[in-house]
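# Notes for the structure review
Single-letter residue listing:
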Amino acid sequence: MKNSFLIEQPMEADIEKSLEVIDKMIELRLQLAALEEQIKTLQPHFYLACSAVSTDKIETPRATISRRLTAGKWLYSAPILQLEEQLKQQKQQFQKQNEPVEGREVIWAIRLTGGGD
């Protein structure tokens, strides 16, 4: 009779390959974080440059840049805020009593620690 524990153990090569994939994902996430930081730094200058062109649409060979407004904010009256709070509570109660119809997939999240350089 074979030991089922031994059968279910991944091969060392499989573990090494898995660790290589994990390391590649971490490297890509570090690159993405660096790009996001560059974008964040450049963004105010980009907005000024777009405003200087003074048109609602800028066409280049590689992109079309369109001007648009961000979402507005309103100051609602107390009765509306109360209704909103009641709806929030009803939704929370519903979620406690029912299962979701979608989602709840298993994912693996990466939290960069800053020690990749």
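Computed from a predicted model, the values in this text were never measured in an experiment. (Residues numbered from 1 in each chain as written. Predicted model: local features only at pLDDT ≥ 70, side-chain atom pairs only at ≥ 80, totals over all residues. Heavy atoms only, no water.)

### With respect to the packing of aromatic side chains
Enumeration over the complete set of coordinates arrives at one aromatic pair. Ring centres of Phe46 and Tyr47 lie 6.0 Å apart, and the angle between their planes is 50 degrees; on these two criteria the pair is classed as tilted. Of the residues examined, Tyr47 reaches a relative accessible area of 47% and is grouped as partly exposed. (Phe/Tyr/Trp six-rings, centres within 6.5 Å; stacked < 30°, edge-to-face > 60°. Buried < 20%, exposed > 50% of the residue type's maximum accessible area, 1.4 Å probe, protein only.)

### Quick word on unusual backbone geometry
Even without being a glycine, Ser54 presents a positive backbone phi close to 60 degrees. The residue Ser54 is located in the loop between helix H2 (12-53) and strand E1 (57-59) in this model. Of note, the phi angle at Arg104 is positive, near 65 degrees, even though the residue is not glycine. Mapping Arg104 onto the fold places it in the segment after helix H3 (78-97). (Helix = DSSP H or I, 4+ residues; strand = E, 2+ residues; numbered from the N terminus.)

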